[in-house]
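The primary structure of each chain is shown beneath.
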Amino acid sequence: MRKNEELKVVFSGGGTGGHYYPALSVIKYLDKCYNKLDVIYFTTKGRIEEKKLPTDFPKAKLIPLNTKGLERPLYNVRNINRAFEVLRDKRKVEKIIKEFKPVFGFLTGGYVTVPVGLALKKQNIPFYLHEQNSILGISNKVLSRWAKKVFVSYEETKLNDKFILTGNPVRTPENEIPRTYLHGFGIKDLNKRCILVFGGSLGSNEIDELMYRVYKKEKINNYIHITKNQEKFKQFPNVFTFKYIENLYELMAVSDGVISRAGATTLAEIQFYDLSAILIPWKGAAENHQLKNALSLQKKGKVVVFDEENVEIDRLINFLNRIQPKNEEFSYTPKINRATESIVNNIL
Ligand SMILES: CC(=O)N[C@H]1[C@@H](OP(=O)(O)OP(=O)(O)OC[C@H]2O[C@@H](n3ccc(=O)[nH]c3=O)[C@H](O)[C@@H]2O)O[C@H](CO)[C@@H](O)[C@@H]1O
């Protein structure tokens, strides 16, 4: 650790929680290692990192960029303008980093990272990438040529020696969390199973529809369900709904199971908190990466993967009812997040 030194770093990555939260974990870890950490975070306008960073890490300076994802199919005329946006943003980033003089850049994917990576390359500032999924995302694919190292979460993502398997950083509680934490979410009987239901950081109507059918049949377990359709579930006394839960990882630490999409950061959390899980991969993910993520976890047990077009409700309920619930005495003891540690050690 270099407690007495100062460090300046440029971060970018986002659009979704899956890209943002790994960057946040690294920021928080570095902040503990250094006396003074100066962060500039290049954000996607109006997206999660822009909304959450001011409270998650108030010291960071946020700079929004205009770059948008390419339209599919790629020959769409709008992509000409999108390409110019990347160039304009690249020039903007270059100006800022010339003055800021960061020691390195850390980019976690999402189209916003492309102009940032190109600008860092132009200024000869080393940068590192992190890929959460088993398949390299398009921005990481483009930038990996010039990155100093590419940190990956799955062995099969490695393409050459520059690729290092670190795993996917997850947010972790710093203090012990008792099972009674669930009381704050409306749950009274702590000896009953507590299942977290959500559709990634953006929500999922398909998961809402499916769970509506489950709740009609299954009345024993308690559910904390994150949804934009809270009204729909009012009739179920064992279902506690929320629009978004900031510190979802704290709930993961004291719950029993998860029903969710198969975004990479959610999966890393399921593993870290050793939860049972029912995964329903989102079919729209590039190159079907959610299915690949999910299947690799299924191999490790405690996890079952369903095809969203073909979920047998009885089989799902059967799996749920085999999950061993924690009891009311349970308390989560903080553990070291090896992925974040490994990334930082490979940079410093
Ligand atoms: C639609 C989309 O583009 N999905 C991608 C996106 O997913 P998405 O952003 O949904 O990502 P993940 O499932 O990987 O991560 C979601 C994160 O949001 C957190 N959370 C969620 C709900 C909530 O109320 N509170 C909260 O804190 C979870 O704890 C988790 O840390 O990035 C992932 C990682 O690159 C990809 O694998 C996904 O395919």
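Our subject in this report is the structure included herewith. Bear in mind the structure is a predicted one, so any value in this text is a computation, not a measurement. (Residues numbered from 1 in each chain as written. Predicted model: local features only at pLDDT ≥ 70, side-chain atom pairs only at ≥ 80, totals over all residues. Heavy atoms only, no water.)

1. Considering the sheet that holds strand 11 (residues 239-242)
Sheet strands pair by backbone hydrogen bonding; their relative direction is either parallel or antiparallel. With parallel pairing, six strands are arranged side by side in an open sheet as 11-10-9-12-13-14. Either end of the sheet is taken by a strand with one partner, and the two such strands are strand 11 and strand 14 (303-305). Strand after strand, the sheet turns through a mean of 15° between neighbouring axes, direction not considered. Of the pairings in the sheet, the one linking strand 13 (residues 276-279) to strand 14 comprises three bridges and is parallel in character. The partner of A277 across the bridge, within strand 14, is V303. On top of the sheet, helix 6 (residues 205-217) reaches strand 9 (194-198), strand 10 (222-226), strand 11 and strand 12 (257-260); it is set at about 160° to strand 10, its chief contact. In this fold helix 10 (residues 313-320) packs onto strand 9, strand 10, strand 12, strand 13 and strand 14, with an angle of close to 165° to the strand it touches most, strand 13. (Pairing = 2+ DSSP bridges. Helix = DSSP H or I, 4+ residues; strand = E, 2+ residues; numbered from the N terminus. Axes fitted to C-alpha atoms, helices over the stretch in contact; angles between N-to-C directions. Contact = heavy atoms within 4.5 Å.)

2. Some points on the packing of aromatic side chains
All told, the structure shown has 15 aromatic pairs when counted by the stated rule. Between F272 and Y273 the ring centres are 5.0 Å apart and the planes differ by 85°, which places this aromatic pair in the edge-to-face class. Here F272 falls in the buried class, since its relative accessible area comes to 13%. Here the aromatic residues F11, Y20, Y21, Y41 and F106 are joined through ring pairs into a cluster of three or more. If you follow R171 out to its NZ or CZ, it ends over the ring of Y21, 3.5 Å from the centre. (Phe/Tyr/Trp six-rings, centres within 6.5 Å; stacked < 30°, edge-to-face > 60°. Buried < 20%, exposed > 50% of the residue type's maximum accessible area, 1.4 Å probe, protein only. Lys NZ or Arg CZ within 6 Å of the ring centre and 35° of its normal.)

3. Considerations on unusual backbone geometry
Glycine aside, residues mostly have negative phi, and peptide bonds are mostly found in the trans state. In this structure, E287 is a non-glycine residue whose phi angle is positive, near 50°. Take E287: it is sitting in the loop between strand 13 and helix 9 (289-298). Although it is not a glycine, N288 sits at a positive phi angle of roughly 55°. One can find N288 in the loop between strand 13 and helix 9.

4. Side note on the side chain of T166
Tracing the sequence through the fold places T166 in the loop between strand 7 (163-165) and strand 8 (177-178). Once residues within four sequence positions are removed from consideration, T166 is found in contact with H130, F151, V152, A339, S342, I343 and N346.

5. Quick word on the environment of L320
For L320, the location among the structural elements is in helix 10. Of the residues examined, L320 reaches a relative accessible area of 1% and is grouped as buried. Sequence spacing of L320 and H130 is 190 residues, and the spatial spacing of their C-alpha atoms is 33 Å. Setting aside anything within four residues of it in sequence, one finds L320 in contact with R193, I195, N221, Y223, I259 and I278.

This is a description of form; function is not addressed.
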